[in-house]
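Fold and contact review
Here is how the chains run, residue by residue.
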Amino acid sequence: EIADYSDVTAERLTNPEDGNWLQTRRTYDGQAHSPLTQITRDNVAQLTEVWSHPTGPYRPAPEFTALPASGAHQAAAIVNDGVMFMTTHDNQVIAMDAKTGEEHWRYQHPLPPDLVPVHPANRGVALWEDKVFIATQDAMVVALNARTGEKLWSQTMADWLEGYYSTLAPLVVNGKVMAGVSGGEFGIRGFVQAFDAETGDPVWKTYTIPEPGQPGSESWPGDTWQTGGGPIWITGNYDPEANLAYWGVGNAAPWVGALRPGDNLYTTSTIGVNPDTGAIATHFQYHWNDTWDWDEVVPPTLIDLEGENGEAQKLAVRFARNGYIYKLDRSDGKLSFIEGKPYVYQNAFTGLDPETGRPEYNQENLPGLGKRVEFCPSAWGGRDWPAESYDPATATVFISVNENHCGSMEGSPVEYEPGVLFLGSGLEMTPTDAAKDHIGAVQAWDIRTMEKKWQVNFKSPNWGPTLSTAGGLVFLGGTNDAMFRALDAETGDELWSTRLDGGVVSPPTSFEVDGKQYIAVTTGWGVDAERFQGYIDAAWGTKTEVPQGGTVYVFALP
Ligand SMILES: O=C(O)c1cc(C(=O)O)c2c(n1)C(=O)C(=O)c1cc(C(=O)O)[nH]c1-2
Ligand SMILES: [Ca+2]
């Protein structure tokens, strides 16, 4: 039992104290930036481990799975006035003393024993008042008492036997707990659902695919809308002024676009949803008739800049999995295109319409039925799910990317069966010749000019969400050598690093207790970071062993 727990309010989520990290990307705008300044580029070399805490037991990869992968620890350490919350891919929630690592309580969500996750991951908790919320691999939302870990309510969003599951951290706005469902590879019909935080009562449910008669339904032929995918598996961002939650929608199903001709709204789009009603107020589709499994699920980072004449520029900036950066305007509650350009080599589009941002496709790189084609980047995109951070003082985005990998697909008709993979194609990934130089990288982009400031390359792929701090630092793991590092935000130079007990794909966070700044990160290598590495090893005849880990680490200055 936690004696002294600070209730989380709308005010605290909107304007969090500098020393707390109350949501996955810290603030509703998704900037993942810490205003703390104790750890700086001048002293970061002295950073040392304060405590570590293993999260085990692990749920091992089952022997029989269609797409085997180890579970990955992908949750941000959420910290509320000295209490840390962590989740694991097997749907445990652990509350710890953020200063010592001492465990307050641990909850294990009972998963059906025969559930075999395709993406064994969980991206963390959401907080509201004295409650903690998690979305689970059997597509439930569960509320716990933050003080005791006692279960308060649970609700089932959809039937896991039909291929629905959840991996994201929920998003809470004004007492409504929102979560979405994965299953884009199973032909689900994706949605976001909201529940009353107090009672668990369902409040609204908004499908990412319209039914016949609704706007956008004309973009789906016949019955294809019923199994069209459009999963939501990354936490949305929220703009309190517009009262819109921005959710990213994933791939269309089956993978091959020729099996469902049309734009297929709102797959591979950002939708702006009113959290009170669930109404979709605006949308922007990055690419129509997705045929590359390029889920566009990470929501745009919400950025306010001062324009040339001093007027406010309200932006939504996105690095799409399709390999392009999009600068969108969100000033009137509508997402509209300003400009876009590739940030990695991309040969699937010939370009974007300068007015609308709609891409034109290169027919030679367009997967179709009975036709094997290659395209770059591969299905894992220029970036996958690991999120970027944004430093408002320098208007710079720091993002982990992967380049020098291409994919191929050959489409064939596929019959829908509930709970069975619904792809219509195999999937290949091949590193290019340039991959011998590097695959992973961190890029820093100036959002005013849309110019790249620097890029740091890694021989390894990079699956590390970034944390930037007002101390002028960028923290990330993400590489297959289990290193966790701090870079100089101005130059990208590495200033500090340490090898941990496993690969890092979780977002680092920063917090303060009793006047001391800490950095937290959790090891836990698996899911698509592992699969991606597997394709590279297969192409090169190598074998890269990355320890799975599964430990929460906390660092500070001595
Ligand atoms: O279509 C979907 O529903 C869905 C869900 C998930 C997920 O929930 O993690 C991933 C993907 N797709 C996906 O395409 C993908 O590349 C991916 C990588 C990972 C991961 O945890 O490393 N999850 C997912
Ligand atoms: Ca997908």
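Residues numbered from 1 in each chain as written. Chains lettered and ligands numbered in written order. Predicted model: local features only at pLDDT ≥ 70, side-chain atom pairs only at ≥ 80, totals over all residues. Heavy atoms only, no water.

A word on the overall build of the protein chain. Helix and strand counts for the protein chain stand at two helices and 40 strands. Computed over the C-alpha atoms, the radius of gyration of the protein chain is 22 Å, within 12% of the 24 Å expected from 2.2 N^0.38 for a compact globule of 558 residues. Counting only C-alpha atoms, the protein chain reaches 60 × 60 × 50 Å along its principal axes. Each of the 558 residues in the protein chain was classed as buried or not, and the buried ones make up 66%. Here the contacts in the protein chain between residues at least 6 apart in sequence split such that 62% fall between residues at least 24 apart. By element, 48% of the accessible surface of the protein chain is carried by carbon and sulfur atoms, the whole surface being about 18,800 Å². With 36 positive and 73 negative side-chain charges, the protein chain shows a spacing of 2 Å between the two charge centroids. (Helix = DSSP H or I, 4+ residues; strand = E, 2+ residues; numbered from the N terminus. Rg over C-alpha atoms; globule rule 2.2 N^0.38 Å. Buried < 20%, exposed > 50% of the residue type's maximum accessible area, 1.4 Å probe, protein only. Contact = heavy atoms within 4.5 Å. Areas by Shrake-Rupley, 256 points an atom, 1.4 Å probe, with all protein chains shown as cover. Lys, Arg positive; Asp, Glu negative; His and termini not counted. Charge placed at Lys NZ, Arg CZ, Asp CG, Glu CD.)

To continue, consider the nonpolar core. Counting residues in hydrophobic clusters, the biggest one holds 78 residues, and the most contacted among them are L47, F85, L127, M178, W247, F475 and F555. Those residues in contact with F85, other than ones at most four positions away along the chain, are Y5, A76, A77, I78, I94, A95, W105, V125, L127, V132 and A146. The next biggest cluster of nonpolar side chains, apart from the first, holds 46 residues, and it includes A121, L302, F337 and F349. (Core = buried A, V, L, I, M, F, W, Y, C linked by side-chain atoms within 4.5 Å.)

Protein coordination at the calcium ion (ligand 2): the donors are E185 (OE), E185 (OE), N251 (OD1), D293 (OD), D295 (OD) and D295 (OD), at 2.4 to 2.9 Å from the metal. All donor residues of the calcium ion (ligand 2) come from one chain, and their arrangement in sequence is E-x65-N-x41-D-x1-D. Each member of the pair D293 and D295 is classed as buried. (Donors = N, O, S within 2.8 Å, 3.2 Å for Na, K, Ca; no water.)

Pairing geometry for strand β6 (residues 92-97) and strand β7 (residues 103-108), over five bridges, is antiparallel. From the neighbouring strand, Q92 faces β7, where its bridge partner is Q108. Joining the antiparallel neighbours β6 and β7 is a turn of five residues, in which G101 adopts a positive phi near 85°. (Pairing = 2+ DSSP bridges.)

Here we come to the site of ligand 1. Around ligand 1 sit 20 residues, and of these R123, T167, S182, G183 and D384 come closest. Within the contact set of ligand 1, an oxygen atom lies 2.8 Å away from a side-chain nitrogen or oxygen of T167. A distance of 2.8 Å separates an oxygen atom of ligand 1 from a polar side-chain atom of D384. Relative to its unbound accessible area of 470 Å², ligand 1 is 99% covered by the protein chains. Residues belonging to the shell around ligand 1 are distributed by class as follows: six nonpolar, seven polar and seven charged. (Near = heavy atom within 4 Å. Polar contact = N/O pair within 3.5 Å; in protein donor to acceptor, adjacent residues only side chain to side chain. Nonpolar A, V, L, I, M, F, W, Y, C, P; charged D, E, K, R; others polar.)

Inspection of the secondary structure assignment puts H438 in the loop between β31 (428-431) and β32 (440-446). Among the polar contacts listed, one links the side chain of H438 to the side chain of D437, at a separation of 2.7 Å.

Scanning the entire structure with this criterion turns up 35 aromatic pairs. When the centroid spacing of 5.0 Å and the interplanar angle of 85° are considered together, the rings of W292 and Y361 count as edge-to-face. Residue W292 is found in the loop between β20 (280-285) and β21 (301-306), and its partner Y361 is found in strand β26 (residues 359-361); the two are separated by 69 residues along the sequence. With a relative accessible area of 0%, W292 lands in the buried category. A residue is classified by how much of its surface remains accessible, and Y361, at 7% relative accessible area, is buried. Plain terms: the ring middles of W380 and F532 are 5.7 Å apart, the flat faces sit at 70° to each other, and that makes the pair edge-to-face. Taken together, the positions of W380 in the loop between β27 (372-375) and β28 (389-391) and F532 in helix α2 (residues 527-540) put the pair 152 residues apart, joining distant regions of the chain. (Phe/Tyr/Trp six-rings, centres within 6.5 Å; stacked < 30°, edge-to-face > 60°.)

A separate point is the pairing of β20. Sheet topology places strand β19 (residues 269-273) next to β20; five bridges connect them, and they run antiparallel. Residue pairing for β20: S269 is matched across the bridge by Q285. Here β19 folds back onto β20, and the loop between the two strands holds six residues, one of which, G278, carries a positive phi near 85°.

Taken as a whole, this structure holds 26 salt bridges when the rule is applied. The closest approach of N and O atoms between K314 and E241, which form a salt bridge, is 3.5 Å. Placement of K314 in strand β22 (residues 312-319) and of E241 in the loop between β17 (237-239) and β18 (244-248) is noted, with a sequence separation of 73 residues between them. According to the relative accessible area criterion, K314 is buried, its value standing at 15%. E241 gets classed as exposed once you look at its relative accessible area, which sits at 65%. (Salt bridge = Lys/Arg side-chain N within 4 Å of Asp/Glu carboxyl O.)

Our focus in this paragraph is the sheet that holds β20. Spatial strand order, β17-β18-β19-β20: four strands in an open sheet with antiparallel pairing. Edge positions in the sheet fall to β17 and β20, since each has one partner strand and no second. Neighbour-to-neighbour, the strand axes of the sheet open up by a mean angle of 20°, direction not taken into account. As judged from the four bridges shared by β18 and β19, these two strands associate in the antiparallel manner. (Axes fitted to C-alpha atoms, helices over the stretch in contact; angles between N-to-C directions.)

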